[in-house]
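# Coordinates in review
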Amino acid sequence: MGYDPANPMVDRITDIGPHYYADFHPPVIAKNKGKWLYHEITQAGVLMHKSETGDECWTVRVGAARLISIEHIREICEIADAHCGGFLRFTTRNNIEFMVDSKDKVQPLLDDLASRGTKFPVGGTGAGVTNIVHTQGWVHCHTPATDASGVVKAVMDELFDYFTSMKLPAQVRIALACCLNMCGAVHASDIAILGVHRKPPMIDHTRITGVCELPLAIASCPLGAVKPAKAEIDGKEIKTVKVNVDRCMFCGNCYTMCPAMPLADPDGDGIAILVGGKVSNAKSAPKFSKLVIPFLPNTPPRWPETVAAIKNILETYAKDAKKYERVGEWAERIGWEKFFEKCNIPFTIKSIDDYRLAYDTWRTTTQFKYTNHIK
Amino acid sequence: MAKHDTPLLDQLESGPWPSFVSDIKRQAEKNPDCWDILGQLELSYTDKITHWKHGGIVGVFGYGGGIVGRYSDVPKRFPGVEHFHTVRVNQPSSKYYSTENLRGICDLWEKHGSGMTNMHGSTGDIILLGCRTEELEPFFYDLTHVLGQDLGGSGSNLRTPANCLGQSRCEWSCYDTEEVCYHLTMHYQDEIHRPAFPYKFKFKFSGCANDCVAAIARSDVAVIGTWRDDIRIDQAAVKEYIAGNIVSNGGAHADGDWGAFDIQKEVIALCPTDCMWMEGDKLKIDNSECTRCMHCINVMPRALRPGAHQGASVCVGAKAPILDGAQFATLIVPFMELSKDNEFENLIEFIEGIWDWWMEVGKNRERVGETMQRVGLPTFIKVMGLEPIPQHVREPRSNPYVFWQDEEVPGGFERDVVEFRKKHAA
């Protein structure tokens with residue numbers, strides 16, 4: 001049995017959807033769903049949820065690289081079989097959660113995890129830095145302006161102490177997207193690492209006829225910078241496009257629509273840092289991340305400029321913010337001029353919005369603070 | 001034995017965070033094709049640019065999504081990644097697994113693919129990275145026949161829905177997120193697998209306003225749990241918090257030096273609506289002023305719980321910046337009851353109201369949030385047949401440019417300029 005290439009439609013099964021979730025609930029979850037009373041984080045990476053039945057679910061949260069092998073997953077299964085009755089879950093932020101039904105099962109689990117080298121770091125809870133959500137980067141994507149897994153590894157190595165502790169004013173969510181498409185939706189993160197292009201697309205006139213629908217490529221540009229044009233290829237005139245480079249904002253949307261317009265470049269590409277976003281509605285409304293460092297170079301394998309910039313922002317915030325204050329709430333309380341001064345980040349014209357809805361961000365009050373920006 | 005020298009990537013094997021490089025090497029010992037992942041990635045680290053070609057349309061018969069084509073632009077040097085397609089497998093709600101199921105996925109991926117994965121992709125799917133075109137159909141056959149599981153979405157379709165773990169392990173969830181997610185995923189298999197929309201469309205389900213799946217930031221329909229009645233208070237537990245006998249914020253600040261818990265400073269003063277106060281040793285809340293932000297409940301989970309009349313707020317139109325800039329989802333339905341008893345028909349009716357309109361007027365590659373921007377929120381509210389309410393806006397408009405309709409003005413728009421001139425000389 002199995003797939004028969006000569007009869008591909010024989011026995012075909014479609015549209016059956018995912019596996020039913022409740023089959024994968026550990027017994028303590030199945031029994032207490034909807035009955036949970038409260039929770040407590042007993043130490044970094046360890047949560048206890050108490051049910052009205054008196055049951056407790058103890059969860060050990062473990063970081064993962066997101067890019068993981070089936071050998072690693074099999075090792076995760078081995079741990080879950082040994083300690084958790086053969087169940088586990090993953091979080092939205094690529095952590096693994098091992099759950100047990102009593103406190104006395106926690107320490108043996110922690111000991112087992114610790115015995116496996118650096119593969120299973122425990123943490124990512126409460127007022128700390130949890131795992132970085134990120135995209136594919138150079139390991140799998142065709143449009144990236146930077147790598148993802150390598151940058152994340154370098155940053156998390158440096159911030160590791162904040163993953164395994166809860167000493168920050170609030171939780172700090174870091175995210176990375178390797179281009180402006182933002183598959184990782186970094187636009188509402190405390191600290192966002194964003195791959196950016198800085199050179200306009202090239203036009204591959206020899207390929208464009210075969211691979212590109214010109215009206216779609218032209219319509220794809222939000223600023224009307226892509227125009228119809230003609231070029232001569234092998235003595236024959238062809239229809240193609242040209243780019244008004246003065247208008248290009250390097251979003252890459254034309255390349256998404258037209259493979260004959262590549263824009264990635266070793267020197268053009270790099271990283272922008274945005275800060276102060278949040279998703280939660282707690283205290284203040286959700287906020288977008290704001291661009292504070294327009295460009296840092298791609299410096300593999302460890303991106304020291306990016307790592308230093310993030311550590312600086314994180315530690316300046318940690319020293320200055322009040323308890324419960326998210327990065328964006330802190331920046332708004334002290335004022336963005338103070339944010340730049342305290343973090344010692346040069347303010348450049350590139351942080352002033354000149355895209356749509358830009359006016360919303362211009363200051364239309366006489367209220368400001370005297371910082372070192374005023375000479 | 002390593003097939004390529006990778007001096008740059010080797011530097012990512014040290015340090016305390018798990019190393020994806022060590023992990024790929026581990027997998028390469030089982031499947032030598034993975035050496036070519038490292039080889040090509042090392043080349044990208046040297047060249048500072050990607051070596052994957054643009055696109056490539058591949059898939060399985062009958063589906064228009066679930067597989068993303070990927071080809072190396074240096075296949076002669078790295079034949080193991082010449083084809084390196086992505087397979088999106090729809091994850092189970094809440095991302096719980098049995099080890100039996102996970103091992104089954106691993107076995108299939110060992111048989112048909114590279115053995116590398118993402119657990120999980122940003123939208124929520126199990127991402128299986130690296131498969132040759134000729135393995136796609138055999139993989140799909142085994143996925144559906146052996147594991148009884150299916151692909152997720154890609155392209156201009158309903159993307160794989162995702163949820164926070166909800167009531168399964170959280171005391172704050174105001175509805176059964178995993179059940180709604182599963183039910184709608186099953187209800188809309190055709191929309192997930194066969195692209196028929198102007199662009200992608202995402203649902204995300206969060207149980208409370210803390211929004212652990214970031215629904216309000218990245219989904220076209222964000223369903224976020226809330227309640228209608230009063231926050232439930234256990235005054236005895238309030239006293240225990242004040243006395244310092246229960247650790248505040250669930251212990252989330254345990255490693256900082258923040259001093260003793262101060263309910264005035266940490267709860268009452270941080271309430272965004274100023275609706276809380278102490279009367280003697282009792283905590284009082286003016287619930288009619290509360291906007292249910294979750295802060296007080298986050299800080300005192302053993303004393304405060306969401307109200308008992310629960311449901312969800314439904315917000316529409318979030319997206320990342322491409323193209324017109326990032327948008328959060330806009331509050332459209334302040335409170336919707338969600339019950340399995342009616343199979344969530346009110347939510348389904350709401351969603352299909354959006355689709356019927358958006359599939360008609362949405363432009364190619366226009367997210368519904370951008371369509372809403374283009375036509376305006378008043379038009380969207382009318383299309384959805386809703387009453388406009390102040391909850392739809394942060395503040396009323398500050399310009400007077402109202403699009404009055406002909407029928408709203410006595411006598412209508414048609415007038416006679418000749419009659420007008422009889423009284424008003426030019």
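Every chain begins its residue count from 1, and numbering advances along the sequence as written. In the order they appear in the text, chains get letters beginning with A and ligands get numbers beginning with 1. Under the rules for a predicted model, residues below a pLDDT of 70 receive no local features and side-chain atom pairs below 80 are neither given nor counted, while totals for whole chains, interfaces and linings still include all residues. Based on all heavy atoms of the structure, the side-chain values leave hydrogens and waters out of the count.

Okay, the overall build of chain A next. The number of helices and strands found in chain A is 11 helices and 12 strands. Dimensions of chain A along its principal axes, counting C-alpha atoms only, are 80 × 75 × 35 Å. Per-residue burial over chain A gives 59% buried out of 375 residues. If you take every contact in chain A between residues at least 6 apart in sequence, the share linking residues at least 24 apart comes to 64%. Note on areas: Shrake-Rupley with a 1.4 Å probe; residue coverage comes only from the protein chains shown. Surface summary for chain A: the accessible area is close to 15100 Å², and the carbon and sulfur share equals 54%. This count recognises Lys and Arg as positive and Asp and Glu as negative, with His and chain-terminal groups excluded. Lysine's charge is taken at NZ, arginine's at CZ, aspartate's at CG and glutamate's at CD. Once the 44 positive and 42 negative side-chain charges of chain A are each reduced to a mean point, those two points are 6 Å apart. Here a strand is any run of E in DSSP of at least two residues, a helix any run of H or I of at least four, and the numbering for each starts at the N terminus. Here the term buried applies to any residue with accessible area under 20% of the maximum for its type, exposed to any over 50%, and partly exposed to those in between, with areas from a 1.4 Å probe on protein chains only. The contact rule is simple, with two residues in contact once any of their heavy atoms fall within 4.5 Å.

For the rest of this paragraph, the subject is the overall build of chain B. Looking only at helices and strands, one finds 15 helices and 14 strands in chain B. The C-alpha extent of chain B, read off along each of the three principal axes, is 90 × 80 × 45 Å. Sequence-distant contacts in chain B: of pairs separated by 6 or more residues, those separated by 24 or more amount to 63%. Across chain B, 43 positive and 60 negative side-chain charges occur, with their mean positions spaced 4 Å apart.

Here a ring pair, both rings aromatic, is described through the centre-centre distance and the interplanar angle of the planes. When two rings of Phe, Tyr or Trp (its six-membered ring) have centres within 6.5 Å they constitute a pair, described as stacked for plane angles under 30 degrees, edge-to-face for angles over 60, and tilted for the intermediate range. Taken as a whole and judged by the stated rule, the model has 35 aromatic pairs over all chains. Between the aromatic rings of Trp138 of chain A and Trp303 of chain A, the centroid separation amounts to 6.0 Å while the plane-to-plane angle is 45°, which identifies the pairing as tilted. Residue Trp138 of chain A is found in the loop between α3 (106-114) and α4 (149-158), and its partner Trp303 of chain A is found in the loop between β12 (290-297) and α9 (304-320); the two are separated by 165 residues along the sequence. In this structure Trp138 of chain A comes out as buried when scored by relative accessible area, which is 1%. Members of the aromatic cluster, each reached through a chain of ring pairs, are Tyr188, Phe197, Phe201, Phe203, Phe205, Trp355 and Trp358 of chain B. A ring has a charge above it when a Lys NZ or an Arg CZ is no more than 6 Å from the ring centre and no more than 35 degrees off the ring normal. In this structure, Arg89 of chain A packs its charged tip against the face of Tyr96 of chain B, placed 5.5 Å from the ring centre. Its end group placed over the ring of Phe295 of chain A, Arg198 of chain A keeps NZ or CZ at 3.3 Å from the ring centre.

In this section: helix α4 (residues 99-112) of chain B. The span one expects for a helix is its residue count, reduced by one, times 1.5 Å. The end-to-end C-alpha distance of α4 of chain B, which contains 14 residues, comes to 20 Å, matching closely the 20 Å that a straight helix rising 1.5 Å per residue would cover. Among the residues of α4 of chain B, those classed as buried are Thr99, Asn101, Leu102, Gly104, Ile105, Cys106, Leu108, Trp109 and His112 of chain B.

Below, the discussion takes up a nonpolar patch on the surface. All names here are of chain A. In this scheme, patches are assembled from residues that exceed 30% relative accessible area and form no salt bridge. Like charges are connected within 9 Å, while nonpolar side chains (Val, Leu, Ile, Met, Phe, Trp, Tyr) are connected within 5 Å. Criterion for a salt bridge: a side-chain nitrogen of Lys or Arg within 4 Å of a carboxyl oxygen of Asp or Glu. A surface patch of nonpolar side chains, about 570 Å² in accessible area, is lined by Phe347, Ile349, Ile352, Tyr359 and Trp362. Tracing the backbone shows Phe347 in the segment after α11 (336-343). Under the relative-accessibility criterion, Phe347 is labelled partly exposed at 40%.

Among the buried residues, those of types Ala, Val, Leu, Ile, Met, Phe, Trp, Tyr and Cys that are joined through side-chain atoms within 4.5 Å form a nonpolar core. Counting residues in each nonpolar core, the largest one holds 116 residues, and the members touching the most others are Phe98, Ile273 and Phe339 of chain A. No other element matches helix α3 (residues 33-47) of chain B, which puts seven residues into this core. When residues no more than four places from it in sequence are discounted, the contact partners of Phe98 of chain A are Trp58, Thr59, Val60, Val62, Ile76, Ile79, Ala80, Cys84, Leu88, Leu109 and Leu113 of chain A. Listed in part, the 34 residues of the second largest apolar core include Leu158, Trp355, Phe380 and Met384 of chain B.

A separate point is helix α6 (residues 177-187) of chain B. Residue and element names in this part refer to chain B. Burial of α6 is extensive: nine of the 11 residues sit out of reach of the surface. Within α6, the full set of buried residues consists of Thr177, Glu178, Glu179, Val180, Cys181, Tyr182, His183, Leu184 and Thr185. Packing partners of the buried residues in α6 comprise β3 (96-98), β6 (162-163), α7 (189-193), β7 (203-206) and α12 (345-361).

Another point: the interface of chain A and chain B. Taken together, the contact between chain A and chain B spans 131 residues of the former and 132 residues of the latter. Here chain A packs against chain B, burying approximately 11600 Å² in sum over the two surfaces, 60% of which is carbon and sulfur. For Glu75 of chain A, the salt bridge goes to Arg26 of chain B, with nearest N and O atoms at 2.7 Å. Two N or O atoms count as a polar contact when they lie within 3.5 Å, although within protein this holds only if one can serve as hydrogen donor and the other as acceptor, and sequence-adjacent residues are included solely when both atoms are side-chain atoms. On inspection of chain A and its partner chain B, the count reaches 67 residue pairs in polar contact (both at pLDDT 80 or more). Sorting elements by how many residues they give to the side of chain A that touches chain B places helix α2 (residues 70-83) of chain A first, with 10 residues. The classification used treats Ala, Val, Leu, Ile, Met, Phe, Trp, Tyr, Cys and Pro as nonpolar, Asp, Glu, Lys and Arg as charged, and all other residues, Gly among them, as polar. Considered class by class, the residues forming the side of chain A that touches chain B number 69 nonpolar, 35 polar and 27 charged. Should DSSP find at least two bridges between two strands, the strands are regarded as paired. Note: strand β4 (residues 67-69) of chain A against strand β4 (residues 113-119) of chain B, three bridges, orientation antiparallel. Residue Leu67 of chain A lies in a different strand from β4 of chain B, and its bridge partner there is Asn118 of chain B. By convention, the term buried area covers the 1.4 Å-probe accessible surface removed from two parts as they join, with the contributions of both added.

Time to look at the sheet that holds β4 of chain B. Spatially, the five strands line up as an open sheet ordered β4(A)-β4(B)-β5(B)-β2(B)-β1(B), and their pairing is antiparallel. Either end of the sheet is taken by a strand with one partner, and the two such strands are β4 of chain A together with β1 (67-68) of chain B. Relative to strand β2 (residues 86-89) of chain B, β1 of chain B runs antiparallel, the two being bridged by two bridges. The residue bridging Ile67 of chain B from the neighbouring strand is Val87 of chain B, located in β2 of chain B. This element, α4 of chain B, spans β2, β4 and β5 (126-131) of chain B of the sheet and lies at about 140° to β4 of chain B. Angles here are taken between N-to-C directions and fall from 0 to 180 degrees, while the axes themselves are lines fitted to C-alpha atoms, restricted in helices to the stretch in contact.

Now for unusual backbone geometry. Residue Pro301 of chain A follows Pro300 of chain A across a cis peptide bond; omega there is 10°. Tracing the chain through its elements places Pro301 of chain A in the loop between β12 and α9. With a phi close to 55°, Lys48 of chain B is a non-glycine residue in the positive phi region. Positionally, Lys48 of chain B belongs in the loop between α3 and β1. Accessibility expressed as a relative area gives 28% for Lys48 of chain B, which makes it partly exposed.

Next up on the list: the domain arrangement of chain B. Boundary definitions for the domains trace back to an automatic or database domain assignment. Domain boundaries assigned for chain B yield domain 1 (7-145), domain 2 (162-226 + 311-406) and domain 3 (232-305). The straight-line distance from the C-alpha centre of domain 1 of chain B to that of domain 3 of chain B is 47 Å.

A few words now on the packing of α4 of chain A against α9 of chain A. All names here are of chain A. Running from N to C, α4 and α9 point in directions that differ by 45°, and their axes come no closer than 9 Å. The pairing of α4 with α9 is recorded here as oblique in orientation. The handedness of the crossing between α4 and α9 comes out as right-handed. Listed contacts from α9 to Val151, Ala154, Val155 and Glu158 of α4 are Thr306, Val307, Ile310 and Lys311. Reported orientations rely on four angle classes, namely roughly parallel under 35 degrees, roughly antiparallel over 145, roughly perpendicular from 65 to 115, and oblique for the rest. Helix crossings get a hand from a simple test, with the near helix turned counterclockwise from the far one by less than a right angle marking a left-handed crossing and a clockwise turn marking a right-handed one.

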